[in-house]
Amino acid sequence: MVYSDVTIDDIDDRVIIPPRSRLFGLAPIGIGSSVSEGLISYLIRLAGEHCISPKLMISAELLPQMRGVNAVRHAEFHTDYAKTLQSTGKFAQSFVKVTEQLTCRSDISLTTTLPWHAIVPSISSGLMTQHPKWCSRCLAADRVSGKAPYFRLVWGYKLYQVCLEHQTYLVDECPWCGKHQPFFPDHAVIDRCNYCYGWLGTQAVEEAIINDEQRRWTSLAIEDMVSHGLQARNELTGEMFRGKLMSLVNTYADGHKTRLSEMLGFTRSTMATWITKQRKPLFPQFLYLCHQLGMLPSQLLFDNSAPQNLELAYKPGIKKLHQILPKIGLQEPPKADIYLKLKGICNDANDCRSLTEITAILSLTKTYLSYWFPTECKLISLKHKQSIHRMTIQRHKEQILCVRNITWQLHGQGIYPSNRLVAKAIAPLKMSLLKPHIRATHRQTLRNLNY
Ligand SMILES: [Zn+2]
Ligand SMILES: [Zn+2]
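What counts and how
Residues numbered from 1 in each chain as written. Chains lettered and ligands numbered in written order. Predicted model: local features only at pLDDT ≥ 70, side-chain atom pairs only at ≥ 80, totals over all residues. Heavy atoms only, no water. Helix = DSSP H or I, 4+ residues; strand = E, 2+ residues; numbered from the N terminus. Buried < 20%, exposed > 50% of the residue type's maximum accessible area, 1.4 Å probe, protein only. Areas by Shrake-Rupley, 256 points an atom, 1.4 Å probe, with all protein chains shown as cover. Donors = N, O, S within 2.8 Å, 3.2 Å for Na, K, Ca; no water. Tetrahedral: all angles 85-135°; square planar, octahedral: opposite > 155°, others 65-115°. Axes fitted to C-alpha atoms, helices over the stretch in contact; angles between N-to-C directions. Left-handed = near helix turned anticlockwise from the far one by under 90°. Contact = heavy atoms within 4.5 Å. Nonpolar A, V, L, I, M, F, W, Y, C, P; charged D, E, K, R; others polar. Phe/Tyr/Trp six-rings, centres within 6.5 Å; stacked < 30°, edge-to-face > 60°. Salt bridge = Lys/Arg side-chain N within 4 Å of Asp/Glu carboxyl O. Core = buried A, V, L, I, M, F, W, Y, C linked by side-chain atoms within 4.5 Å. Domains from an automatic or database assignment. Expected span 1.5 Å × (residues − 1).

The protein chain goes by TniQ domain-containing protein in an unreviewed UniProt entry, where it is assigned to Methylotenera mobilis.

## Re the overall build of the protein chain
Each helix and strand counted, the protein chain has 20 helices and 2 strands in total. Burial statistics for the protein chain: of 451 residues in total, 45% are counted as buried. On the protein chain, roughly 23800 Å² of surface is accessible, and the fraction owed to carbon and sulfur atoms is 54%.

## Quick notes on the coordination of the zinc ion (ligand 2)
Distances from the zinc ion (ligand 2) to its protein donors, namely C174 (SG), C177 (SG), C193 (SG) and C196 (SG), fall within the range 2.3 Å. Here the zinc ion (ligand 2) is ringed by 4 donor atoms whose angles at the metal span 106 to 116°, and the overall shape comes out tetrahedral. Within one chain, the residues serving as donors to the zinc ion (ligand 2) are arranged as C-x2-C-x15-C-x2-C. One end of the pair, C177, is in the loop between strand 2 (168-169) and helix 7 (213-227); the other, C196, is in the loop between strand 2 and helix 7, and 19 residues separate them in sequence. For C177, a relative accessible area of 34% corresponds to the partly exposed category.

## Some thoughts on the packing of helix 2 (residues 39-49) against helix 5 (residues 90-103)
Remark: helix 2 packs on helix 5, axes separated minimally by 12 Å, with the N-to-C direction vectors making an angle of 35°. Considering only the axes of helix 2 and helix 5, their crossing is left-handed. Here L39, Y42, L43 and L46 of helix 2 come into contact with helix 5, specifically with F95, V96, T99 and T103. Taken together, the residues of the contact of helix 2 with helix 5 sort by class into 6 nonpolar, 2 polar and no charged.

## Observations concerning the environment of D348
For D348, the position within the fold is in the loop between helix 15 (335-347) and helix 16 (355-361). C-alpha of D348 to C-alpha of K383: the two residues are 35 residues apart in sequence and 10.0 Å apart in space.

## Concerning the environment of G243
Relative to the elements of secondary structure, G243 occurs in helix 9 (residues 238-253). Separated by 58 residues in sequence, G243 and L301 place their C-alpha atoms 9.5 Å apart.

## Things to note about the coordination of the zinc ion (ligand 1)
Looking at the zinc ion (ligand 1), the protein donor atoms are C135 (SG), C138 (SG), C163 (SG) and H166 (ND1), and they sit 2.1 to 2.3 Å from it. Along the chain, the residues donating to the zinc ion (ligand 1) are arranged with the sequence spacing C-x2-C-x24-C-x2-H. Here C163 matches H166 in class, with each residue buried.

## Notes on the packing of aromatic side chains
According to the stated counting rule, one finds 14 aromatic pairs in the structure shown. For the pair F241 and W274, a centre-to-centre distance of 6.3 Å together with 45° between the ring planes defines the contact as tilted. With F241 in helix 9 and W274 in helix 11 (residues 270-275), this pair connects stretches of sequence that are 33 residues apart. Of the residues examined, F241 reaches a relative accessible area of 3% and is grouped as buried.

## Observations regarding the pattern of salt bridges
Taken as a whole, this structure holds 11 salt bridges when the rule is applied. Two residues, R22 and E61, come together in a salt bridge whose shortest N-O distance is 2.7 Å. Linking R22 in the loop between helix 1 (8-14) and helix 2 with E61 in helix 3 (residues 54-62), this pair joins segments that are 39 residues apart in sequence. On the basis of relative accessible area, R22 is assigned to the exposed category, the value being 59%. What makes E61 buried here is its relative accessible area of 14%. One salt bridge connects E37 with R45, and the closest N-O pair in it is separated by 2.7 Å.

## Looking at the side chain of R242
For R242, the location among the structural elements is in helix 9. A relative accessible area of 16% places R242 in the buried class. For R242, the residues in contact, after removing those within four places along its chain, are W274, I275 and Q278.

## Notes on the nonpolar core
Counting 84 residues, the largest nonpolar core has F95, W155, F184 and L289 as its most contacted members. Two domains each donate at least three residues to this core, and these are domain 1 (19-233) and domain 2 (237-325). Every residue in contact with W155, bar those within four places of it in the chain, is listed here: T129, K133, W134, C135, C138, L139, Y150, Y160 and L170. Counting 13 residues, the second-largest nonpolar core is a separate cluster that includes C346, L355, Y368 and F373.

## Quick notes on unusual backbone geometry
Notably, Q167 is not glycine yet its phi reads approximately 55°, a positive angle. Mapped onto the fold, Q167 is located in the loop between strand 1 (162-163) and strand 2.

## Some remarks on helix 5
For helix 5, which comprises 14 residues, the first-to-last C-alpha distance of 20 Å matches the rise-based estimate of 20 Å (1.5 Å per residue) to within 8%. Taken residue by residue, helix 5 has F91, A92, S94, F95, V96, V98, T99, L102 and T103 as its buried positions. Immediately downstream of helix 5, the backbone of C104 shows phi near 55°, a positive value.

Below, the structure is given as structure tokens:
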């Protein structure tokens, strides 16, 4: 063969060099299946590929790329916000975006709940787990088979409590030292304890086979959502969900939303809240809805044949998910209303209440408010601080006046206004010469009176 007619220009045309990525374009494990990897696990393994600590990678490579997010102090990120990374909130969005940019990949959102954001609220009770949890046997199996150990996305959901493959409960404590694990460990070894370096996966323990049908169904439903992530990302909209609900209302409850709500065991207004007010259901509520309908999430949303012959009748014996999980009854707080209230407080120069007072009145937490309304919260705190400062100055002025008057009075009565006498006179007013501004005023007054 003769290559003489191949020129450099030809090669340039034919060899397309893909753009270089800042970080290694590591592939997430199991994408598109029910055992897909979660974003947190992916980031830990990515740090491992670069031989650095996951915390260092996040603070040096990821956080600096994020607008608004890098203002969050790192300690707060690790204690409060890391758990929302696999949800649908703003941290999930920023982390996915930045990770995709740095690795030149386009499938990172599938390691989070983002494909389902149209119907899953951003932060809500009952969505993500408080501490990392894992199936001991899955991790042990990864190790024994020589595959890369990793944390499944499904494990990150609070309600995913049973591993369907091994029929065991997930655990969230190290089997050796009993400690909860941080979301991002100091070292990039994913299946060892952050504190004692023991293996998190063990096979030895014999456990009873789980026969809690509802827990197993919940795990199945979450696996169903994870494995349909791609379809959800491409197709799912809030409109579509409301359409499905409306067709159920028409088919089974003659168009009465309240009746369908009651048939399914929800409060009377639930369907109207979802359909008319267009609120997203809480995650446990959504799963409960699917459970009551006897359909997996993907069947409810993506099967185009209209649901036929469902045995829809209120089943009083059924355990509600809120019996597994306390806070399910809460609706996601109406953010627009909260925003208006906070804005009102910000614009009212006379309203100098502290953020703590305001969170108590709104029955919310500080974490929630500063997560969603950082600017307003900062302004409220600042106004409160300034008002305290103003009040302090005002009080000092009054005290100074008072000390001066007392000193003059004693002088007028022909008594020497000594430290002791003045101190005694101002004590009932909760003042003391130990305070610098009071002592200074007393001295200055004595000087003015020529003592
Ligand atoms: Zn397992
Ligand atoms: Zn340990």
